[in-house]
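# Coordinate analysis (summary)
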Amino acid sequence: MRNETHYLDTRGLDSSRPTFSSALVKGIAPGGGLFVPEHLPSLSLEEISAFAEWPYWRRAAAVFSLFGVDMSAERIDALTQAAYGDQWDDDRVAPVVEVRADMHVLELWHGPTSAFKDMALQCMPLFFSESIEILRARGKADDDYLILVATSGDTGKAALEGFSDRDHTRIVVFYPVDGVSDVQRKQMVTQAGDNVGVFGVRGNFDDCQYAVKAVFANDEFEDWLRENHGLRLSSANSINWGRLLPQIVYYVSAYADMIASGAVKPGEPMDVCVPTGNFGNILGAYYARLMGVPIERLICASNENSVLAEFINTGLYDISEREFVTTPSPSMDILISSNLERLLFHLAGPPQVREWMGELATRRSFRVDRDTFETMREVFVGDWVDNQDALAAVRDVFEETGYLMDPHTAVAWEVAERMRGANPVLIVSTAHWAKFGADVLRALKGVAYGDPLPPEYDGMSGFDLLAQVQEIVGDGCACVPESLASLAMATDRFGDVVDAGREGVERAVREWLG
Ligand SMILES: *Cc1c(COP(=O)(O)O)cnc(C)c1O
């Protein structure tokens with residue numbers, strides 16, 4: 001096929017150079033490395049400006065084609081149209097909102113699950129099914145795929161919604177019964193689709209994740225799945241290149257929209273500030289910058305799990321003494337930031353990546369060399385925000401501007417305020433406030449994170465609290481999305497809870513498959 005891009009392994013162990021479709025289905029390189037494109041395309045300012053005239057799906061199709069996806073232009077168009085169609089509650093899909101003259105917000109939560117994971121997971125499963133068809137046509141595969149997901153909330157629902165009734169795939173999601181909000185649980189256990197399953201796991205997110213990882217490591221179980229059900233295991237997590245590529249699109253799109261609105265003149269630099277967990281979202285911005293989007297600084301915003309902000313400021317990634325803490329921005333509560341490996345590859349190359357990832361596994365820390373650190377500092381800056389400051393930012397920005405943010409976005413806003421320079425800042429907003437209604441209510445009421453809400457809210461469910469927030473803020477703020485509001489009345493389809501540990505998860509999958 002024309003202009004096919006091949007993929008390299010960040011650790012340089014896999015020399016098979018897969019195309020997009022193979023890399024997508026493989027997910028991760030044998031040996032633990034991640035796939036990165038061998039060549040990066042570039043975009044001129046004229047080409048970027050032209051995006052503003054197009055619907056979002058076409059912007060996505062243009063970026064996918066530039067990246068040498070091994071599918072025909074017609075198929076790429078059809079898949080991106082389906083991914084970015086009327087399941088989005090805003091025609092623009094990823095609109096840029098001017099909240100203050102110097103602060104623009106890129107809203108990535110207009111999809112069906114109201115969080116940024118939809119940007120990739122409305123798209124990636126379609127390309128995944130298509131890739132399986134391609135591999136079958138080439139005689140390279142005849143199995144279907146079982147996607148196993150351990151989730152702390154947002155990913156599980158977005159993956160269910162994305163994979164629901166997709167050809168050649170089934171999906172089972174495990175969530176910690178002690179770790180998700182009312183709204184998040186309800187979103188998952190009411191999921192429609194003939195190929196989906198949802199189970200609670202007794203314990204917290206770590207227990208849940210640990211159990212699912214153990215299943216992936218069990219070859220016997222994989223053999224059993226293939227022999228008895230013709231299924232191979234795969235995952236939908238953000239180390240898959242298929243989740244990163246869609247995350248480059250909205251940075252090109254946002255810059256084009258900012259030219260069109262007059263927020264920047266063509267070529268004028270902007271800074272981008274991203275609330276960061278697994279480093280996938282901000283990496284999309286890094287790739288957009290490498291392709292020619294005039295992004296000057298990438299501002300990495302962390303919460304109290306501040307290992308990334310620390311790394312960007314010191315070159316030392318150190319979790320040897322770090323305790324995992326819970327925060328009002330749970331989707332950023334991560335200590336091992338998997339996608340950082342891709343940045344290290346681009347800065348330093350495979351031998352260094354192997355060395356540093358080896359040190360991280362054995363000593364729980366690594367330090368990059370001076371050159372790498374300095375190259376990184378030419379682009380990245382970072383800072384972190386504690387739980388109380390994050391909630392204070394929700395309230396202050398609402399009082400100052402009338403714009404209501406969720407606590408993840410608030411982390412980015414606060415860091416952007418502190419690090420603001422001469423350029424306009426694009427703050428990346430990753431969730432609708434209504435996904436985290438209880439903490440938004442705490443913020444508006446001046447209640448500290450972790451403290452109980454005032455007695456007038458006693459006995460209210462997460463859904464009742466959304467109505468309370470809506471009453472305080474009025475209709476000027478983005479209203480509770482219909483898909484969330486209607487959940488309160490929806491009937492649960494899934495209620496099973498299993499024991500933590502590999503056996504519990506495997507038994508659940510066996511019984512679910514029948
Ligand atoms: C996943 C997520 C993040 C973190 O994104 P990464 O790509 O993991 O850095 C931030 N905010 C929300 C709401 C998320 O769901």
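Remember, predicted model here, so these are calculated numbers, not experimental data.

## A closer look at the overall build of the protein chain
What the protein chain contains, in helices and strands, is 22 helices and 15 strands. Its C-alpha atoms give the protein chain a radius of gyration of 22 Å, near enough to 24 Å, the size a compact globule of 514 residues would have. When the backbone C-alpha atoms are referred to their principal axes, the protein chain occupies close to 60 × 55 × 50 Å. Scored against the burial criterion, the 514 residues of the protein chain give a buried share of 59%. Across the protein chain, contacts joining residues at least 24 apart in sequence account for 75% of those joining residues at least 6 apart. Summed over all atoms, the accessible surface of the protein chain reaches about 19,700 Å², with 45% contributed by carbon and sulfur. When the 44 basic and 77 acidic side-chain charges of the protein chain are each reduced to a single mean position, those positions are 4 Å apart.

## Quick word on the domain arrangement of the protein chain
By domain assignment, the protein chain separates into domain 1 (96-112 + 242-429), domain 2 (117-129 + 137-237 + 489-514) and domain 3 (433-480). On a C-alpha basis, the centres of domain 1 and domain 2 stand 28 Å from each other. The interface is formed by 9 residues belonging to domain 1 together with 13 residues belonging to domain 2. Note on domain 1 versus domain 2: buried area summed over both sides is about 1,100 Å², and carbon and sulfur give 61% of it. The three residues of domain 1 that bury the most area against domain 2 are P112, R243 and S331, which together make up 55% of that side's buried surface. The interface formed by domain 1 and domain 2 holds 0 salt bridges in total. Our count for the contact surface shared by domain 1 and domain 2 stands at 2 residue pairs in polar contact (both at pLDDT 80 or more). Among the residues forming the side of domain 1 that touches domain 2, the class breakdown is 4 nonpolar, 4 polar and 1 charged.

## Section: helix α3 (residues 56-66)
For α3, a buried count of 8 out of 11 residues is recorded, marking the element as mostly surrounded by other parts of the structure. Looking only at α3, the buried set comprises Y56, W57, R59, A60, A61, A62, V63 and F64. Lining the buried residues of α3 we find α1 (20-26), α4 (73-83), α5 (117-121), α6 (124-137) and α11 (241-261). Backbone geometry just after α3 places G68 at a positive phi near 60 degrees.

## Focus on the sheet that holds strand β13 (residues 380-384)
Across the sheet, which stays open at both edges, the 6 strands sit in the order β3-β4-β14-β9-β10-β13 with mixed pairing between neighbours. Two strands close off the open sheet at either side, each with one partner strand: β3 (96-100) and β13. Averaged over neighbouring strand pairs, the angle between their axes works out to 25 degrees when direction is ignored. Pairing geometry for strand β9 (residues 270-275) and strand β14 (residues 425-429), over 3 bridges, is parallel. In the sheet register, V272 faces β14, and the bridge partner there is L426. Across the sheet, helix α13 (residues 307-314) lies against β10 (295-302) and β13, angled at about 135 degrees from β13, the strand it touches most.

## Concerning the nonpolar core
Core analysis: the biggest nonpolar cluster contains 113 residues, and F20, Y84, V272, F366 and F380 have the highest contact counts within it. If you tally residues by element for this core, the top one is α11, at 13 residues. Of the residues that make up this core, three or more belong to each of domain 1 (96-112 + 242-429) and domain 2 (117-129 + 137-237 + 489-514). Other than its neighbours up to four places away in sequence, Y84 contacts Y56, W57, A60, V93, M119, C123 and P246. Membership of the second largest hydrophobic core comes to 45 residues, among which are V99, W109, F398 and C477.

## Comments concerning the packing of α3 against α11
Relative orientation of the contacting elements α3 and α11 amounts to 120 degrees, with a least axis distance of 9 Å. Compared by their axis directions, α3 and α11 come out oblique. For the pair α3 and α11, the sense of crossing is right-handed. Facing α3, whose interface residues are Y56, R59, A60, V63 and F64, α11 presents L245, P246, I248, V249, Y250, V252, S253 and D257.

Cut-offs used in this document
Residues numbered from 1 in each chain as written. Predicted model: local features only at pLDDT ≥ 70, side-chain atom pairs only at ≥ 80, totals over all residues. Heavy atoms only, no water. Helix = DSSP H or I, 4+ residues; strand = E, 2+ residues; numbered from the N terminus. Rg over C-alpha atoms; globule rule 2.2 N^0.38 Å. Buried < 20%, exposed > 50% of the residue type's maximum accessible area, 1.4 Å probe, protein only. Contact = heavy atoms within 4.5 Å. Areas by Shrake-Rupley, 256 points an atom, 1.4 Å probe, with all protein chains shown as cover. Lys, Arg positive; Asp, Glu negative; His and termini not counted. Charge placed at Lys NZ, Arg CZ, Asp CG, Glu CD. Domains from an automatic or database assignment. Buried area = accessible area lost by both parts, 1.4 Å probe. Salt bridge = Lys/Arg side-chain N within 4 Å of Asp/Glu carboxyl O. Polar contact = N/O pair within 3.5 Å; in protein donor to acceptor, adjacent residues only side chain to side chain. Nonpolar A, V, L, I, M, F, W, Y, C, P; charged D, E, K, R; others polar. Pairing = 2+ DSSP bridges. Axes fitted to C-alpha atoms, helices over the stretch in contact; angles between N-to-C directions. Core = buried A, V, L, I, M, F, W, Y, C linked by side-chain atoms within 4.5 Å. Parallel < 35°, antiparallel > 145°, perpendicular 65-115°, else oblique. Left-handed = near helix turned anticlockwise from the far one by under 90°.

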